[in-house]
Every structure is written in structure tokens, then in C-alpha cells.
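One-letter residues, chain by chain:
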Amino acid sequence: MGFLKKMFRSKAAVSQLPSGSLTVNRDGKLITATVSSTYPIELQRAIGNMALELLRDAHTAQMPVAEITINFASLRLTARELRGGAIVFMFPQTTSSSMSS
Amino acid sequence: METRHKILVLDDDTDWLDLSRELLSQLPSKPEVRTASSGNRALAMLDNEPFRLLICDLKMPRIDGLQVLAIVRRRFPELRTVVLSALEDEEFRSRAYALGVDLFWLKTEMQRNSQMFFECLESLLGRDKEAGFRGIQSKGLMDIIQMECLTRSSTVLRLTRGSLVAKIWIQEGELTDAETDGAIGESAFRRLLGWKSGTFENLPAEPSRERTIFKPINALLLESAQVMDENASPNSAASAEELAHRKTVWKLSLLARAGAEFVVTVPIEGQGAIEALGIQFQAAEQFAVWARKAVESARRLSDQIEGGPISYFTAKNLERYLLILPRENKTFLVGWSPEATEGAYEKTKKLIASWDS
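Given the structure is predicted, the values throughout are model-derived calculations rather than measurements. (Residues numbered from 1 in each chain as written. Chains lettered and ligands numbered in written order. Predicted model: local features only at pLDDT ≥ 70, side-chain atom pairs only at ≥ 80, totals over all residues. Heavy atoms only, no water.)

Assigned secondary structure in chain A consists of two helices and five strands. N-terminal to C-terminal, the α/β element order of chain A is α-β-β-α-β-β-β. In chain A, the proportion of contacts linking residues at least 24 apart, taken out of those at least 6 apart, comes to 39%. Taken as a whole, chain A presents about 6,000 Å² of accessible surface, with 57% of it coming from carbon and sulfur. (Helix = DSSP H or I, 4+ residues; strand = E, 2+ residues; numbered from the N terminus. Contact = heavy atoms within 4.5 Å. Areas by Shrake-Rupley, 256 points an atom, 1.4 Å probe, with all protein chains shown as cover.)

Ordered by their spatial adjacency, 10 strands build an open sheet running β2(A)-β1(A)-β5(A)-β4(A)-β3(A)-β13(B)-β14(B)-β15(B)-β11(B)-β12(B), and the pairing between neighbours is antiparallel. Whereas interior strands pair on both sides, the edge strands pair on one side only; in this sheet they are β2 (30-33) of chain A together with β12 (275-277) of chain B. Averaged over all neighbouring strand pairs, the angle between strand axes comes to 15°, with direction disregarded. In terms of strand pairing, strand β1 (residues 20-24) of chain A meets β2(A) through three bridges, oriented antiparallel. Looking at β2(A), one finds that L22(A) is bridged to A33(A). Here helix α11 (residues 281-305) of chain B sits on the sheet and contacts β3 (67-72) and β4 (75-82) of chain A together with β11 (262-267), β12, β13 (310-316), β14 (321-326) and β15 (330-336) of chain B; the angle it forms with β13(B), its principal contact strand, is near 130°. Most of the contacts of helix α12 (residues 344-355) of chain B go to β15(B), to which it runs at about 130°, and overall it touches β11, β12, β13, β14 and β15 of chain B. (Pairing = 2+ DSSP bridges. Axes fitted to C-alpha atoms, helices over the stretch in contact; angles between N-to-C directions.)

With that settled, consider the interface of chain B and chain A. Listed by partner, the interface residues are 25 residues for chain B and 30 residues for chain A. With both chains or domains summed, chain B and chain A bury close to 2,400 Å², and 60% of this area falls on carbon and sulfur atoms. Interface area lost by chain B to chain A is led by W290(B), I305(B) and Y312(B), which between them contribute 25%. Viewed at the interface, chain A and chain B are joined by two salt bridges. One salt bridge connects K293(B) with D57(A), and the closest N-O pair in it is separated by 3.0 Å. Where chain B meets chain A, there are 11 residue pairs in polar contact (both at pLDDT 80 or more). (Buried area = accessible area lost by both parts, 1.4 Å probe. Salt bridge = Lys/Arg side-chain N within 4 Å of Asp/Glu carboxyl O. Polar contact = N/O pair within 3.5 Å; in protein donor to acceptor, adjacent residues only side chain to side chain.)

Here the focus is the pairing of strand β4 (residues 80-85) of chain B. Residue and element names in this part refer to chain B. With six of six residues buried, β4 is to be regarded as a mostly interior element. Of the two faces of β4, the one carrying R80, V82 and L84 and the one carrying T81, V83 and S85 are both buried. Of the pairings in the sheet, the one linking strand β3 (residues 53-56) to β4 comprises four bridges and is parallel in character. Looking across to β4, one finds that L53 is bridged to R80. For the crossover from β3 across helix α3 (residues 65-75) to β4, the handedness is right-handed. Note: β4 against strand β5 (residues 103-106), four bridges, orientation parallel. Bridge pairing in β5 links S85 to L106. (Buried < 20%, exposed > 50% of the residue type's maximum accessible area, 1.4 Å probe, protein only. Right-handed = clockwise from strand over helix to strand, strands pointing away.)

Here is the structure:
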């Protein structure tokens with residue numbers, strides 16, 4: 001039966017990209033998320049904290065912004081300031097997605 | 001009855017304060033002279049009474065003169081400010097002028113040329129200015145003209161370069177006339193573009209001045225860049241300075257043609273200087289620091305979430321729309337007006353593609 005293993009080699013699991021939204025408070029604590037429950041919490045926190053950091057640093061640089069969008073090759077993140085914290089919207093990009101913001 | 005102006009002298013040296021009070025009260029306009037020996041005291045006095053002029057030392061304990069000037073500039077924009085300091089370092093002179101002071105004098109200079117110093121003070125006390133911002137750092141002529149045009153102001157710029165004097169008339173953000181040593185109109189303006197250094201002052205607008213320039217500023221910049229290219233012969237040994245100047249004019253014309261407000265080029269840290277066009281350098285530096293940090297954070301996140309390389313960032317508020325494009329060895333930050341978001345990414349890519357060519 002070992003030949004089946006040779007035919008059907010196991011492959012690394014494809015990383016799921018987040019889709020949905022999440023909110024973090026001013027301390028970086030994850031408050032709500034509509035992302036799939038299978039998406040790791042640590043990564044959701046990492047996204048939320050990065051968004052918080054970008055918005056705060058923009059304030060420090062004397063350029064307060066209402067919205068920041070980061071376009072990765074396969075994911076778009078849009079962050080907005082929300083009562084001291086941040087709300088982040090996540091959109092996986094497919095070949096048919098528009099790259100214009 | 002003529003109003004007596006009030007002068008506030010700030011210095012931690014009480015003997016100097018006594019001397020200043022005695023000398024300044026003898027000015028022809030007989031101002032009322034008050035003194036303060038600390039920044040806090042001076043700010044409290046400025047809050048309570050209307051002063052015309054602040055004469056401020058720099059080196060003081062607790063709150064130094066530069067901090068006081070930064071606060072004063074924000075809270076009392078109408079107040080005229082003079083720095084009178086014993087610090088001879090040119091860096092302090094630059095920093096003081098960057099904070100918008102009207103005059104910077106060394107105490108040693110003042111003692112040698114006291115008559116001239118007092119005449120300057122009298123002039124400041126008597127001059128009525130329009131409301132507005134002061135404190136423009138060293139800027140290229142094009143930056144200054146573009147700033148006036150973008151803010152739709154009306155003014156006459158008087159330019160001086162050694163013995164040469166020129167004037168540029170701007171009315172409601174449009175260039176209407178120019179004049180310099182025998183030339184007027186567009187030819188004068190083109191000649192002025194060749195000035196790489198000089199000083200300028202704003203004079204009151206002259207709306208009745210006959211208009212000789214009808215082309216928009218963008219078109220004039222484009223033409224000037226083209227003329228410069230045509231005039232340059234392949235065999236001429238153009239100096240590095242001349243080439244850099246031509247490149248700046250060409251980039252400005254690119255910027256104007258694309259319709260972008262400014263471009264900031266941010267090299268990898270430690271690998272070159274930040275380049276900014278269409279924006280004050282101080283603001284550009286702050287944007288650049290933010291952009292560098294933002295790109296680093298995003299790259300780290302991308303590694304974690306496996307989102308792929310960064311294509312670009314956007315950041316927007318009511319005043320502007322920013323596009324940040326990280327490239328191999330530098331990041332470009334392009335500013336657009338908030339109404340210009342449609343197709344901004346494509347326009348930015350085109351602009352950046354030509355930028356360093």
C-alpha cells in the first residue's frame with residue numbers, strides 16, 4: 001500500500017488569507033472579528049497592531065490620516081481609526097480583483 | 001493719542017534686562033519695555049497683555065529660547081520676534097529663522113552696530129503685516145513661486161541676487177508679469193529661472209499692473225525645461241550644479257504635467273539623502289520617516305501572513321491623498337489632491353518611471 005503514498009505525496013497546507021474585518025482597541029486588544037475562526041488569532045492581532053501603529057505614526061508625523069490602505073500582491077488591507085483604536089478590512093486579491101484603491 | 005507699542009525682552013541675565021530696558025525705552029517711538037527672566041514668565045505676560053515685539057535670548061535654563069519661539073509662533077502669530085543671543089553657531093541662526101523670527105542678531109554685533117539694531121527694531125515696530133505664515137527656509141525659486149501659485153495668493157516677489165534685482169507679479173495664483181535687467185514678461189521669467197541663489201521678499205500685490213504673461217505656470221516650466229535642453233550643446237562641459245538645476249526644473253515640469261502636488265524620494269536608511277519637490281523639506285522629512293517605518297512594518301507583516309510583496313500604500317485625509325510606492329532601493333511618496341484619486345495609482349507609476357531617468 002506504500003505506492004499510494006508515492007502517488008499522493010502530502011503537500012504543505014495552503015495558507016489561508018484573511019477575509020473580513022477586525023477591530024482593535026487603543027491598547028491593541030482584539031475586540032471583534034468577522035474573520036474565519038480558523039484564521040490564527042495571533043495573525044489577526046498582528047494585523048490590528050500594525051494598523052494601529054501606522055495610524056499613530058502618521059499622527060506623530062504631523063499628517064493625521066483617516067484611512068490607510070496597503071496593497072500586497074494577494075491581499076488588500078484598509079485601516080481606519082476608530083475611537084483611538086482601529087478597524088481593519090481585509091480583502092484577498094484574486095486575478096480578477098481591481099488594483100485601484 | 002498715538003499708541004505706544006510694547007516690547008517684551010526675555011533673558012535670564014538680569015543685568016542685561018536692566019540695560020535693555022534703559023536703551024530700548026529711548027527708541028524714537030518711545031515703546032513701553034517690559035522684561036522677563038524666564039520663558040514661563042514671558043509666556044504668561046504674552047497671554048495677559050498685547051505685545052508688539054519679543055526680543056528673546058536663546059540660552060536659558062529650563063525653557064530655552066527656541067522652545068519659547070516655537071510656542072510663540074503657534075500661539076501669537078502676529079507677534080514680531082527678534083533673537084538676541086551670544087551663541088555664534090550658525091546652526092542656531094538657521095533654526096531661529098526656521099521658526100519664523102524676524103531678525104537674528106548676536107549680542108556682540110548689536111554692541112558694535114547698536115544704531116543699526118535700533119533702526120531694525122523701529123522698522124519692526126512700525127511695520128504692519130498682513131496675517132500669514134512666516135519662516136520659509138532656503139528654497140529654490142521654483143518652490144517659492146509654486147507655493148504662491150498653489151495658495152492662489154496675490155503678491156509681488158522682489159528678488160535680489162548681488163547687484164541684480166528682479167520682480168515677479170502674481171495675482172490670484174497666476175503669474176502675470178516679470179521684470180529683470182532689461183527684460184520683461186516671459187523672457188524675464190525664463191532668465192530668472194537661471195538664478196540659482198538669491199534672496200526674496202514679498203511686497204504688496206499690484207492688481208493694476210499690466211499683464212504680460214498669459215501662460216499658466218505649468219506651461220512656462222515645461223517650455224523652460226525644453227529650452228534648456230535645446231540650448232545645451234553635447235560638447236559643452238556643463239557643471240554638476242547646472243545639470244542638477246536643469247534636472248530639478250525638468251522634474252518640476254513632470255510634477256506639474258502629472259498634476260501631482262509633490263514627490264518625496266526616500267532612499268534606504270543610510271544610502272542617500274531624502275529628495276523633496278513641491279513640499280517644504282521639514283514636512284517631507286516627517287513624511288519620509290513615516291513612510292520608511294510603514295514599509296518596514298508592512299514587509300514584516302507580509303512575511304507573517306504571506307500576503308506577498310507590497311505593491312503600494314495609500315493614505316488619505318481631507319487635505320490630500322498620498323501614494324507610497326516601495327521600490328528596490330527607495331520609496332516614492334507622491335501627494336495628490338483629494339479630488340485626484342481616480343487613476344492616481346497609474347498616474348503615479350508613470351510619474352515615478354520617468355523620475356530618475
